[in-house]
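Architecture at a glance
Here's the letter readout for the chains.
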Amino acid sequence: AGGSPLRFAQHEVEFRGSALQARIYAENPAYNFLPSPGFVSSVVEPSGPGIRIDSGVAPGSAVPVEYDGLLSKLVTWGSTRMEAITRMKQALDNYEISGVHTTIPFKRYVLECSAFQSGHYDTGFVAGVINDWKRSGSRK
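Residues numbered from 1 in each chain as written. Predicted model: local features only at pLDDT ≥ 70, side-chain atom pairs only at ≥ 80, totals over all residues. Heavy atoms only, no water.

1. Focus on the overall build of the protein
- Helix and strand counts for the protein come out as four helices and nine strands.
- Judged by the C-alpha coordinates and their principal axes, the protein covers about 50 × 35 × 30 Å.
- For the protein, buried positions account for 33% of its 140 residues.
- Of the contacts formed within the protein by residues at least 6 apart in sequence, a portion of 64% connects residues at least 24 apart.
- Element-wise, carbon and sulfur atoms account for 52% of the exposed surface of the protein, whose accessible area totals about 8800 Å². (Helix = DSSP H or I, 4+ residues; strand = E, 2+ residues; numbered from the N terminus. Buried < 20%, exposed > 50% of the residue type's maximum accessible area, 1.4 Å probe, protein only. Contact = heavy atoms within 4.5 Å. Areas by Shrake-Rupley, 256 points an atom, 1.4 Å probe, with all protein chains shown as cover.)

Set out below in C-alpha cells:
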C-alpha cells in the first residue's frame, strides 16, 4: 500500500469459500521425490468451474535435472473445503502428463486421507503417509 491507509479495516474482510493449490512436479514420489528429468511427451490439462492451472509445460518440453522440476500449479476453489477437495480430485483425475514421472498420483492419494480432508495435519504429514501410499499400489 506504499504507506497509505487501506480503504477497509481487517474486521470488514469476509472469508468466502476455500481454495487448494497442488504444485505438480517432475519428481518420482516412489523414490523419495527424486527429480524425473526428461521430455514431456503429452499433456492433457484439466479445466472446468473452480479450476485454474498455471502451466509452462507442453509436449516436447524438456525437464532438465539442473533446474526446479515444477511443471504447473493447479488451483481449485469451492464454497466449502470439501467442494474444493472434490474439484481437486476431479482435476487430478483428468490431468495427464507422460514422458516424466510426476507427483500427481501421490497427490490423489493425499486427497483421500481423512487427516487432509479434515484439515488436521502438520508438517510431518507427508512423511507419515508416503510409505502407506507406496504400499497401496496407487501409483497411477
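2. Topic: the nonpolar core
- Formed by 29 residues in total, the largest nonpolar core has its most connected members in I24, L71, L74, I97 and F116.
- Once residues within four sequence positions are removed from consideration, I97 is found in contact with I24, V40, S42, V43, L71, T102 and I104. (Core = buried A, V, L, I, M, F, W, Y, C linked by side-chain atoms within 4.5 Å.)

3. Observations concerning the packing of aromatic side chains
- Throughout the structure, instances matching the rule amount to four aromatic pairs.
- Judged by centre distance (5.5 Å) and plane angle (50 degrees), the ring pair of Y121 and F125 falls under tilted.
- Take Y121: its relative accessible area is 40%, and that puts it in the partly exposed class.
- Residue classification places F125 among the buried residues on the basis of a relative accessible area of 13%. (Phe/Tyr/Trp six-rings, centres within 6.5 Å; stacked < 30°, edge-to-face > 60°.)

4. Some points on the pattern of salt bridges
- In this structure the tally under the stated criterion is five salt bridges.
- Across the pair R87 and E83 runs a salt bridge whose closest N-O atoms are separated by 3.4 Å. Of the two residues, R87 and E83 are both situated in helix α1 (residues 81–93); the distance of four residues between them amounts to about one turn of the helix.
- Under the relative-accessibility criterion, R87 is labelled buried at 18%.
- Of the charged contacts, one joins R108 and D93 as a salt bridge, the two residues approaching to 3.3 Å between their closest N and O atoms. One end of the pair, R108, is in helix α2 (residues 104–112); the other, D93, is in helix α1, and 15 residues separate them in sequence. (Salt bridge = Lys/Arg side-chain N within 4 Å of Asp/Glu carboxyl O.)

5. Let's talk about the side chain of S36
- Examined against the element boundaries, S36 turns out to sit in the loop between β3 (34–35) and β4 (38–39).
- For S36, the residues in contact, after removing those within four places along its chain, are A26, E27, V63, V100 and H101.

6. Quick notes on α1
- In this model α1 runs 18 Å from its N-terminal to its C-terminal C-alpha over 13 residues, within 8% of the 18 Å that 1.5 Å per residue would give.
- The complete set of buried residues in α1 reads A84, I85, R87, M88, A91 and L92. When α1 is viewed along its axis, its buried side chains cluster within an angular range of 165 degrees and face the same direction.
- Against the buried residues of α1 lie β1 (18–25), β6 (51–55), β8 (70–78), α2 and α3 (114–118). (Expected span 1.5 Å × (residues − 1). Arc of directions from axis to C-beta.)

7. Quick notes on the sheet that holds β1
- Strand order in this open sheet of three strands is β1-β8-β6, and the pairing throughout is antiparallel. In the strand order of this sheet, the two ends are held by β1 and β6, each with one partner. Strand-to-strand twist in this sheet, taken as the mean axis angle between neighbours without regard to direction, amounts to 15 degrees.
- Note that β6 and β8 share five bridges and pair antiparallel. Looking across to β8, one finds that D54 is bridged to K73.
- Docked against the sheet, α1 engages β1, β6 and β8, running at close to 140 degrees with respect to β8. (Pairing = 2+ DSSP bridges. Axes fitted to C-alpha atoms, helices over the stretch in contact; angles between N-to-C directions.)

Everything listed here is a matter of geometry and, on its own, says nothing about what the molecule does.
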